[in-house]
Amino acid sequence: MSWVKKLLILSLISILLGVLTIAGIYFYIKDDLPDVSTLQDVRLQTPMQVFTADGELISQFGEKRRIPLKLAEMPPLLVQAFLAVEDTRFYEHPGIDIIGIFRAASVVASSGDFSQGASTITQQLARNFFLSREKKIMRKIKEIFLAFHIEQLLSKDEILELYLNKIELGQRSFGVGAAAQVYFGKTVHQLSVDEIAIIAGLPKAPSALNPVRSASNARARRNIVLGRMLDTGVIDKESYTQAIAAPITSRLHGAQITASAPYIAEMVRQEMVSRFGEEVAYSAGLQVYTTVQSTQQAAAKIALQQNLYNYDERHGYRGPVNQLWQATLAGSENEAPHFIEQDPLPREDIISYLGKHSSLEDLHHAVVTAVNEQSVSAVMADNSDITLDWEGLKWARSYINDERQGPAPKTAFSILAPGMHIMVRQQDQNWRLSQIPLASSAIVALDPHNGAIRALVGGYSFSQSQFNRVTQAKRQVGSNIKPFVYSAALEHGYTLASIMNDAPIHQWDDNAGIAWRPKNSPAVYDGPIRIREALAKSKNVVSVRLLRGVGIDNSIRHLQRFGFSASDLPRNETLSLGSASLTPLELVTGYAVFANGGYLVTPFVIDKVLSEDGQLVYQHNAAIACHECHSDTTQHQADNVADDAEAQLDDLFNQLQAADSVTETADNELTLSQQRLAPQVISEHNAFLIADALTSSVWGGGSWQHGTGWNGTAWRLQSLKRRDLSAKTGTTNDFKDTWLSGFTPTLAVTTWVGFDDANRSLGRANWHANMGQQQSAGAESGARTALPAWQDFMLNALSGVAETPRSVPVGLSSVRIDLQSGLLSRRNDYQSSFEYFKPGTEPSQYATEDLQQISFDSEQQKDKQDEDTEQEIELF
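Criteria and thresholds
Residues numbered from 1 in each chain as written. Predicted model: local features only at pLDDT ≥ 70, side-chain atom pairs only at ≥ 80, totals over all residues. Heavy atoms only, no water. Helix = DSSP H or I, 4+ residues; strand = E, 2+ residues; numbered from the N terminus. Buried < 20%, exposed > 50% of the residue type's maximum accessible area, 1.4 Å probe, protein only. Contact = heavy atoms within 4.5 Å. Areas by Shrake-Rupley, 256 points an atom, 1.4 Å probe, with all protein chains shown as cover. Pairing = 2+ DSSP bridges. Axes fitted to C-alpha atoms, helices over the stretch in contact; angles between N-to-C directions. 1 Å grid on protein atoms, 1.4 Å probe; cavity = no way out; pocket = protein on both sides within 12 Å on 5 of 7 lines; lining within 4 Å. Points joined across faces, edges and corners; volume = space filled by probe spheres on them. Nonpolar A, V, L, I, M, F, W, Y, C, P; charged D, E, K, R; others polar. Salt bridge = Lys/Arg side-chain N within 4 Å of Asp/Glu carboxyl O. Core = buried A, V, L, I, M, F, W, Y, C linked by side-chain atoms within 4.5 Å.

Engineer: How should I be thinking about the overall build of the protein chain in this particular structure?
Structural biologist: Helix and strand counts for the protein chain stand at 25 helices and 30 strands. Each of the 876 residues in the protein chain was classed as buried or not, and the buried ones make up 52%. Partitioning the intrachain contacts of the protein chain with sequence separation of at least 6 by distance along the chain shows that 70% fall at a separation of at least 24. In the structure as shown, the protein chain presents an accessible area of about 39,600 Å², 49% of it carried by carbon and sulfur atoms.

Engineer: Would you mind showing me how to read the sheet that holds strand β26 (residues 747–754) here?
Structural biologist: Sheets are built from strands that pair by backbone hydrogen bonding, the pairs being arranged parallel or antiparallel. A sheet is described by the order of its strands in space; here five strands give the open sequence β13-β12-β26-β25-β24, paired in antiparallel fashion. The open sheet has two edge strands, β13 (453–457) and β24 (726–731), and neither has a second partner. Shown here is a sheet whose adjacent strand axes are inclined to one another by a mean of 5°, direction ignored. In this sheet, strand β25 (residues 737–744) lies alongside β24 in antiparallel orientation, the contact comprising six bridges. The residue of β25 that forms the bridge with Lys728 is Ser741. Together, β12 (440–446), β13 and β26 form the strand contacts of helix α14 (residues 294–314), whose direction differs from that of β13 by roughly 30°.

Engineer: Would you take a moment to explain unusual backbone geometry for this structure?
Structural biologist: Leaving glycine out, the prevailing phi sign among residues is negative, and the prevailing peptide bond configuration is trans. Between Ser521 and Pro522 the backbone carries a cis peptide bond, its omega angle lying at 5°. In this fold, Pro522 is placed in the loop between β17 (514–516) and β18 (527–530). Positive phi outside glycine occurs at Gln171, with the angle close to 55°. Tracing the chain through its elements places Gln171 in the loop between α6 (156–166) and α7 (176–184).

Engineer: Teacher, can you tell me more about empty space enclosed by the protein here?
Structural biologist: Where empty space is left in the structure can be found by rolling a water-sized probe over the atoms. Applying the stated criterion across every chain yields a total of three cavities of 30 Å³ or more. Each pocket or cavity is described by its volume, and for the largest cavity that value is around 50 Å³. Forming the walls of the largest cavity are Tyr311, Asp312, His315, Gly316, Arg318, Tyr399, Asp402, Leu438, Phe755 and Arg760. For the lining of the largest cavity, a count of residues per class yields four nonpolar, two polar and four charged.

Engineer: Could you clarify how one ought to interpret the pairing of β26 in this entry?
Structural biologist: Burial of β26 is extensive: eight of the eight residues sit out of reach of the surface. The alternating pattern of β26 places Leu747, Val749, Thr751 and Val753 and Ala748, Thr750, Trp752 and Gly754 on opposite faces, both of which are buried. The sheet contact formed by β12 and β26 spans seven bridges and is antiparallel. Along β26, the bridge assignment pairs Ser440 with Gly754. In this structure, β25 lies alongside β26, joined through eight bridges in antiparallel fashion. Looking across to β26, one finds that Leu740 is bridged to Thr751. Between β25 and β26, which pair antiparallel one after the other, the connecting turn spans two residues.

Engineer: I would appreciate a short explanation of the pattern of salt bridges in the present structure.
Structural biologist: Any two side chains of opposite charge can pair if their charged atoms end up close together. Taken as a whole, this structure holds 30 salt bridges when the rule is applied. In this structure, Arg425 and Glu313 form a salt bridge, with 3.0 Å as the shortest nitrogen-oxygen distance. Here Arg425, found in strand β10 (residues 420–427), pairs with Glu313, found in helix α14; they are 112 residues apart in sequence, far enough to count as distant. Looking at Arg425, the relative accessible area reads 1%, which means it is buried. Of the residues examined, Glu313 reaches a relative accessible area of 3% and is grouped as buried. The residue Glu835 makes a salt bridge to Arg532 at a minimum N-O spacing of 2.7 Å. Remark: Arg532 occurs in helix α18 (residues 531–536) and Glu835 occurs in strand β30 (residues 832–837); sequence separation between them is 303 residues.

Engineer: What is the right way to read the nonpolar core from this model?
Structural biologist: The nonpolar side chains of a soluble globular protein tend to be buried with one another. In terms of nonpolar packing, the biggest core is built from 91 residues, with Ile264, Met272 and Phe484 touching the most fellow members. If one sorts the elements of this core by residue count, helix α21 (residues 584–596) sits on top with eight residues. In this structure, Ile150, Val188, Ala200 and Val234 belong to the second largest nonpolar core, which totals 47 residues.

Here it is, written out as structure tokens:
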């Protein structure tokens, strides 16, 4: 037998033994191989995204960052870059690359080094979905068999699409879409050639080679990828030369947030995790659409922050963040003032120092480099130079305490010096000296007809404090409670024309040994006054007398109809002045009852949830305020509402156990088909009367021409030039909490300003930042401190929105009354006006010209006028 035949027989035997060996290995590990058919219905772990009602991205939550893309949505150059460096024969081999395997085998045989790769893209896909990354022979064998199975199951394009979406690329980014966003803040179509090469080079070692972790490692790997792209003809020599010279400029980027609403996002996250569980919430790719309107949300944030800046400036400048080097002011009669600097830092050291400090909201760090008489020069972290003109400096009187500020500065020399680390912000396109506000604030706006939250800001900065003051901060509400007290009075025989005695109250407490003397703020008393005017002027003593007339128990029961918990309502007369502690969300929900005609709506923020592929998972079915829907039922159901209030707070979701159940459960459990109705808690008549009375808080009454005109506490809102505004200010003892709550027929809004330390007063300020002149000391009341934020928000929120006249309910009568006595009037001049009355409550007598005295309720005459007091208590 010739040697050729022997060699042929030996080869056949070797091949047969090889086939038998492979077959044996396959049957040996067959039961351990996962079912690759799951790839046909694979669900990539995708973060949850939260959107505004108009589709702007608020936030995304998830352990893995991923932006799934179709292969056709990826730029060809990006796809070719991966093929060039990972698998040049991808479209030719059956799942494994024999040449690559022999190359790796030769390295193992010669050196024992298992680090040499030979995995095709199909093998990498098999490993990423089904196997670990450990370098062992058995894992490699399983990988090969799985690759064969995958190639039989899926097309090449399907394999490549899965791979490019699944592959880990560092910094918790998975897939090319997420990597483009994370490293460069771009979409895949915006990537340059060198950026494509950086991303294509990451699969080899995502942690070590990513440009954020190591620019030098990323550059070396990028250059290798560019070389492979040049060798395979993906790019030409010119593109290669340009890309290889490009610097590494990557940094971490978050999701492309287009609407700033972090407090809303956190509310959604908590609710989704509570109902769905972390695994589903963070990885099922759910798309949560909120009720928030992006324009209103932006307006709310700007209004809140600007109002805090204004408050902060009124109270003076607390000084620089740091002093990097010393500077002494010098000068004489013959020499202009100037600073003598001691060892100033070089510019590069200043930039390095500033680079260690992050901006906060719109506040940026800067270092003063020069000071002139009316301006200051400073350098920013980005190496840019800025100038602060006198307009941005003149507010900076020195802060002494919350009650006192130093004299107004005359030059910039008395404010800043070179070497000072300061904070600045832009206002009206000019740079302005600033500082982080110490006071806190909250604002919330909701649709009074269904409870949908349209805007919510829970503090100055979510990154500074995650405490949501809208939902978590229970603070005394001051005079914001009065509309509810007056509403109770209208249910117990009083009318807006009823005359009350606006006179001091002195009540001796035998048990405590003190006298309670609630005072008006300011301490001005008008004597006989109509209830409408008393509410508009926020007369404290009238509120106390009304509470007495109605009774504590009756008043508390009435206030519970608005959703307020009995435990938050003190069972004493201080309730009439706002000693109750409520959150801004609870308060605005109560005001919404007046706005919608008497119905208690339930606030909600999640409108609908979609699955990753856009299928409806959940649609919130809000309980709406609908008078027509209630027309066949009893108009006034208030007695039962307080007990049933908790039952009205329905869960947003049913718990979902796994991602597969999300869509399946939608039709059966989550989507409600019938419209729910909010309970009517006060009559439509009562709601209208209070809403109308609160317009007087804005527009006042009487005749200025004849000397009888008066303003309500919210008169500054007249600048909005809208007659459909109802509003009420609120201030608590020692100016610790300030409020403005109000509404139009379509939007209810509450703002609060105070310190997180509930015992700290907002104090007083005697400087008007915009006017730049000394003024008399002004207390930080609701009208001064909370109203501007409400006003600025509504100016934007109602822009382009036509006034909505409030419809007068059927059954109310409008009667001309005498403004002094509240009785009927035959006059048609400034001493009379029309007033609304519930049926049967109209006055029956006409006022006479010689009316000298007004009778008061006998209960009101029992007020004890005790002048001997040991302690005085004031409530506002």
